[in-house]
Amino acid sequence: MAVTVILEPAGRCCWDEPMHIMVRGLAPGQQVTLRASPRDEKGALFRAHARYCADGGGELDLARAPALGGSFAGLEPMGLIWALEPEKPFWRFMKRDVQTPFAVELEVLDGHEPEPQRVLGRAVHKRDFLRPGVRREPVRAGRVRATLFLPPGPGPFPGIIDIFGIGGGLLEYRASLLASHGFATLAVAYYEYEDLPKTYDNIHLEYFEEALHYMLQHPQVKGPGIGLLGISLGADICLSMASFLKNISATVSINGSGFSGDKTTQYKQTNIPSLGHELRRIKVTFSGFMDIVDIWNAVVGGCEHPSMIPIEKAQGPILFIVGQDDHNWRSEFCAQLASEQLQAHGKKKPQIISYPGTGHYIEPPYFPMCPASLHRLVDKPVVRGGEPRAHSKAQVDAWKQILIFFCKYLGASPKL
């Protein structure tokens, strides 16, 4: 009997959907190794493998069979995806072109040898970032350079602006996935993209105000307010937008600091000075990576610090998603400071969801954890924190919490 790899959903699905993997046609109790190996748009190879034993009927179901070792161990139905590791050191797993899927090759190899050679079965699963019917529209409006993703159907839809961190360019994968859940989502670039500045000096909120006005005036975007979603520096930009701009209904900060970090934040006549940092406080881990978590200047004065974003001025609710093992800065401590700041001004205590064993890059579900990568502040690899299994589980839950939050405050009824 031929070995068959069965995938559900068959053939392809959206990236943030779980995949059910089964193998049939094995001998009873047969030892096999399963291996997953996608490549990104730049040709970088990622791999994960795990060892299994077939049941008495010669079948293997990853929803019921624990991995006996490899890239992970235990019952982990999506382990072959979240445990992917780059062949090239410090290479972060990300989607640069959402119009094409990640093609994940899944192989069934005979035995438990360190390098099993005989391939018993093979299948390819395509994991999409554009659900059928989602529309992708490049935006060149005034100074704004962005991409708008519209859900299927006539609309109008609740709107979200999505902003990433210090890496530059235009990342669309989170916005495209949000559109598949019913949100008109604008992925915004702010430097190192097309005719935008090659580097960023200070954060000028007027640029992001233009993006907000674009969304508010779009006929497919339902008002009266817009949601904001940001990670790292993008989270701090979102918190600043919520504090100074009108028509913001809800804000999600993923591992933000709540401060104007290494640059001044400007809006009209108001300047929030940079918190600043001291590179001599960098530590080096046993693995040889730099650890920058303690380089930021001390927050003397707590919520009265002049570099703190005045989030007490924010109109809508704020959700803080934080990784307790974030090594970019101490995100959990910063979220608690923000909570104290809001309550000191008579505002309601914000929702803070803290995830143990979770690092800096909290991505959509099943993205492999990035333990270390190049940081532009020091131009060298820095540790990002996190333990792969805990980080993966946090990403699944955080994505669900973000969708619930925006559904509640923007009025959508997305598919969770």
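Everything in this summary refers to the structure shown in the same document. (Residues numbered from 1 in each chain as written. Predicted model: local features only at pLDDT ≥ 70, side-chain atom pairs only at ≥ 80, totals over all residues. Heavy atoms only, no water.)

## Digging into the overall build of the chain
Phase 1: The helix and strand tally for the chain stands at six helices and 24 strands.
Phase 2: Taken over C-alpha atoms, the radius of gyration comes to 22 Å for the chain, in line with the 22 Å a tight globule of 416 residues would show.
Phase 3: Dimensions of the chain, computed from the C-alpha atoms along their principal axes, are close to 75 × 55 × 40 Å.
Phase 4: Counting all 416 residues of the chain, 56% fall into the buried class. (Helix = DSSP H or I, 4+ residues; strand = E, 2+ residues; numbered from the N terminus. Rg over C-alpha atoms; globule rule 2.2 N^0.38 Å. Buried < 20%, exposed > 50% of the residue type's maximum accessible area, 1.4 Å probe, protein only.)

## Let's talk about the sheet that holds strand β1 (residues 4-8)
Phase 1: Judged by pairing direction, the sheet is antiparallel, and its three strands sit side by side in the order β1-β3-β6 without closing on themselves. The open sheet has two edge strands, β1 and β6 (60-61), and neither has a second partner. (Pairing = 2+ DSSP bridges.)

## Digging into the packing of aromatic side chains
Phase 1: The tally for this structure, following the rule as stated, stands at 22 aromatic pairs.
Phase 2: Seen from their ring centres, W15 and F93 are 5.5 Å apart, and the 35 degrees between their planes marks the pair as tilted. A residue pair is termed long-range when its members are at least 10 positions apart, and W15 in the loop between β2 (12-14) and β3 (20-24) and F93 in the loop between β7 (85-86) and β8 (102-110) qualify at 78 residues.
Phase 3: Residue classification places F93 among the buried positions, given a relative accessible area of 5%.
Phase 4: For the ring pair F93 and F367, a centre distance of 5.7 Å and an interplane angle of 85 degrees mean the geometry is edge-to-face. Of this pair, F93 sits in the loop between β7 and β8 while F367 sits in the loop between β22 (351-355) and β23 (372-375); the two residues are 274 residues apart in sequence, bridging distant segments of the chain.
Phase 5: A relative accessible area of 1% means that F367 is categorised as buried.
Phase 6: The ring of F102 has K95 lying over it, and the distance from NZ or CZ to the ring centre is 5.0 Å.
Phase 7: When the ring centre of W15 is taken as reference, the NZ or CZ atom of R127 above it lies at 5.0 Å. (Phe/Tyr/Trp six-rings, centres within 6.5 Å; stacked < 30°, edge-to-face > 60°. Lys NZ or Arg CZ within 6 Å of the ring centre and 35° of its normal.)

## Section: the sheet that holds strand β9 (residues 119-128)
Phase 1: Ordered by their spatial adjacency, six strands build an open sheet running β2-β9-β8-β4-β5-β7, and the pairing between neighbours is mixed. Among the strands making up the open sheet, the edge pair consists of β2 and β7.

## Details of the nonpolar core
Phase 1: Among the nonpolar cores identified, the biggest contains 121 residues, and L34, Y52, I161, F208, I321 and F406 are the most heavily contacted of them.
Phase 2: A total of eight residues in this core trace back to one element, the largest contributor, which is helix α6 (residues 388-410).
Phase 3: Residue contacts for I321: discarding those within four places in its chain leaves V252, S253, I254, N255, I353, Y355, I362, A398 and I402.
Phase 4: Grouped together as the second largest cluster of nonpolar side chains are eleven residues, F259, L275, M308 and L337 included. (Core = buried A, V, L, I, M, F, W, Y, C linked by side-chain atoms within 4.5 Å. Contact = heavy atoms within 4.5 Å.)

## Some remarks on helix α4 (residues 233-244)
Phase 1: The terminal C-alpha atoms of α4 lie 17 Å apart, and with twelve residues this matches the ideal 16 Å at 1.5 Å per residue to within 8%.
Phase 2: Counting buried residues along α4, twelve of its twelve residues qualify, which places the element largely inside the surrounding structure.
Phase 3: What α4 keeps buried is the set L233, G234, A235, D236, I237, C238, L239, S240, M241, A242, S243 and F244. (Expected span 1.5 Å × (residues − 1).)

## Some remarks on the state of the cysteines
Phase 1: If you walk through the whole model with that rule in mind, you get zero disulfides.
Phase 2: Between C13, a cysteine without a disulfide, and C14, which holds the nearest cysteine sulfur, the sulfur-to-sulfur distance is 7.3 Å.
Phase 3: The class for C13 is buried, based on a relative accessible area of 6%.
Phase 4: C334 supplies the cysteine sulfur nearest to C238, a cysteine that is in no disulfide, at a spacing of 16 Å.
Phase 5: C238 sits in the buried class, given a relative accessible area of 0%. (Disulfide = S-S within 2.5 Å.)

## Side note on α6
Phase 1: When the terminal C-alpha atoms of α6 are compared, their 32 Å separation across 23 residues agrees well with the 33 Å that a helix rising 1.5 Å per residue should span.
Phase 2: Burial in α6 covers these residues: H391, S392, A394, Q395, A398, W399, I402, L403, F405, F406 and L410.

## Quick look at unusual backbone geometry
Phase 1: Residue P156 follows G155 across a cis peptide bond; omega there is 0 degrees.
Phase 2: Its location among the elements puts P156 in the loop between β11 (144-150) and β12 (157-163).
Phase 3: In this chain, G223 is followed by P224 through a cis amide linkage whose omega measures 5 degrees.
Phase 4: Among the secondary structure elements, P224 is positioned in strand β15 (residues 221-231).
Phase 5: Of note in this structure, F90 is not a glycine but carries a positive phi near 65 degrees.
Phase 6: Under the relative-accessibility criterion, F90 is labelled partly exposed at 37%.
Phase 7: Even without a glycine there, the phi angle at E192 is positive, about 55 degrees.

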